[in-house]
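Residue-level structure breakdown
Take a look at the letters that make up each chain.
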Amino acid sequence: LRFILDMEQDFDPLDKDNFSIEVARKLTKATDRFLCDPADNTFNIKFLKYRIRDMDTGVTIAEIDHPREEDGYDESELSEDERLIRYQFGPQFLELRMLGTMLDFSVGATPVKDLVMIERHYFKDKLIQSYEFKVKF
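The notes below deal with the structure included here. (Residues numbered from 1 in each chain as written. Predicted model: local features only at pLDDT ≥ 70, side-chain atom pairs only at ≥ 80, totals over all residues. Heavy atoms only, no water.)

What to know about the sheet that holds strand β2 (residues 60-65)
Convention followed: Pairing between two strands is assigned when DSSP locates at least 2 bridges connecting them. Under the scheme used here, helices are H or I runs from DSSP no shorter than 4 residues and strands are E runs no shorter than 2 residues, and both carry numbers assigned from the N terminus. Axes, fitted as lines to C-alpha atoms, cover a helix only where it is in contact. Angles between the N-to-C directions of the axes lie from 0 to 180 degrees.
Read across the sheet, three strands follow the order β2-β1-β3 without closing on themselves; strand pairing throughout is antiparallel. Lying at the two open borders of the sheet, with one neighbouring strand each, are β2 and β3 (99-106). With direction set aside, neighbouring strand axes in the sheet form an average angle of 10°. As paired elements, strand β1 (residues 46-54) and β2 share five bridges and run antiparallel to each other.

Okay, structure coming up:
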């Protein structure tokens, strides 16, 4: 997942030491790189599966199963391009009335208290939808 950058803002979103949820909420377009390294994942959060589907027909539009560590997968060795998931949907995608998404993830041995995930959707550098998910542990 990449975060969003607006060069005219009064903060530096690329400053990893001062990045926060508040900064994430202010971002307005995609950055040219990830704002965290795999080594920063101290809670060992793993994204296992992601699915997008047309809720009217039930048809799955995209489904991604991430490789597992037991299969020799080591995320810390991946380049930025290998970490990025790109979607290319045809123009008919914009005609869909209702989409559903599903995300499976796991957390390592240490519980994450009050996890917040922010999901933002852009089209031609314009924010079209923003979601914020809070998971209490």
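Some remarks on the pairing of strand β4 (residues 115-123)
The two faces of the sheet receive side chains in turn, since in a regular strand these alternate between them. Relative to strand β5 (residues 126-135), β4 runs antiparallel, the two being bridged by nine bridges. In the strand pairing of β5, H121 is matched with Q129. If you look at the hairpin formed by β4 and β5, you'll find two residues sitting between the two strands, and K124 has a positive phi there, around 50°.

Remarks on the pattern of salt bridges
Note the following rule: In what follows, salt bridge is the name for a side-chain nitrogen of Lys or Arg lying within 4 Å of a carboxyl oxygen of Asp or Glu. Summary of the burial criterion: residues with accessible area below 20% of their type's maximum are buried, those above 50% are exposed, and those between are partly exposed, where the area comes from a 1.4 Å probe applied to protein chains only.
Taken as a whole, this structure holds seven salt bridges when the rule is applied. Residue E63 pairs with K49 through a salt bridge whose shortest N-O separation is 2.9 Å. Placement of E63 in strand β2 and of K49 in strand β1 is noted, with a sequence separation of 14 residues between them. By relative accessible area, E63 is classed as partly exposed at 37%. The class for K49 is partly exposed, based on a relative accessible area of 22%. Put simply, K49 and D65 hold a salt bridge, and the shortest N to O gap is 3.9 Å. Residue K49 is located in strand β1, and its partner D65 is located in strand β2; the two are separated by 16 residues in the primary sequence. Connected through shared salt-bridge partners, E22, R25 and E132 make up one network.

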